[in-house]
Amino acid sequence: AFLAEYPELSKIVIAVLGGILKQSFAIIDSLSFKDIRKRLAEFILFQSEGCLPDERGAVTVPLGMTMEQIAAIVGSTRQTVSTILNDMIREGVVQKNERGIFIIPSLHHLRNFE
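Thresholds, definitions, all that
Residues numbered from 1 in each chain as written. Predicted model: local features only at pLDDT ≥ 70, side-chain atom pairs only at ≥ 80, totals over all residues. Heavy atoms only, no water. Helix = DSSP H or I, 4+ residues; strand = E, 2+ residues; numbered from the N terminus. Expected span 1.5 Å × (residues − 1). Contact = heavy atoms within 4.5 Å. Pairing = 2+ DSSP bridges. Axes fitted to C-alpha atoms, helices over the stretch in contact; angles between N-to-C directions. Salt bridge = Lys/Arg side-chain N within 4 Å of Asp/Glu carboxyl O. Buried < 20%, exposed > 50% of the residue type's maximum accessible area, 1.4 Å probe, protein only.

A.B. asks: Where do I start with helix α5 (residues 78-90) in this structure?
C.D. replies: In an α-helix, one turn spans 3.6 residues; hence positions three or four apart end up facing the same way. Over its 13 residues, α5 extends 18 Å from the first C-alpha to the last, a length consistent with the 18 Å expected when each residue adds 1.5 Å. The inward-facing, buried residues of α5 contact α3 (36-48), α4 (67-74), β3 (101-104) and α6 (107-111). Phi for G92, located one or two positions after α5, is positive at around 80 degrees.

This is how it looks when you write it as structure tokens:
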């Protein structure tokens, strides 16, 4: 009834609901068909969007989340996420600057992390 009374809002509501549905399908697809290493890499890449690279091309990503929060988002355990992040650090795919802040030296290497 509210949308019938204010039809100009219906476009906005439908766009928002469409965005939520699209994001839900992306999450379901990721959980169904990608392993945790790829999901974690994609999560960090998603968080890097909007972060500007420095003069070397490295991107600083302030996650600002605990390992438990990241694990919940990617559908894994805290220990698994911590282990994979340590693997990423050892392989030079990411660097840990300080708690919750990571540096991605090469977005290309992170995209291809397996």
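A.B. asks: Before we go on, may I ask you to explain the sheet that holds β3 in this structure?
C.D. replies: Working definition: the strands of a sheet are paired by backbone hydrogen bonds and lie parallel or antiparallel to each other. Spatially, β1-β3-β2 is the arrangement adopted by the three strands of the open sheet, whose pairing is antiparallel. Because the sheet does not close on itself, it has two edges, and the strands there are β1 (59-62) and β2 (95-98). Strand after strand, the sheet turns through a mean of 30 degrees between neighbouring axes, direction not considered.

A.B. asks: Got a minute to help me understand the pattern of salt bridges in this structure?
C.D. replies: Oppositely charged side chains can form a pair if their charged atoms are brought close together. Following the criterion strictly, the structure yields five salt bridges and no others. As a salt-bridge pair, E91 and R37 come within 3.8 Å of each other at their nearest N and O atoms. On the criterion of sequence distance, the pair formed by E91 in the loop between α5 and β2 and R37 in helix α3 is long-range, its members being 54 residues apart. When its relative accessible area of 18% is taken as the criterion, R37 is described as buried. As a salt-bridge pair, D54 and R56 come within 2.8 Å of each other at their nearest N and O atoms. For R56, a relative accessible area of 61% gives the class exposed. The structure contains a network of salt bridges with shared partners spanning R37, D87, R90 and E91.

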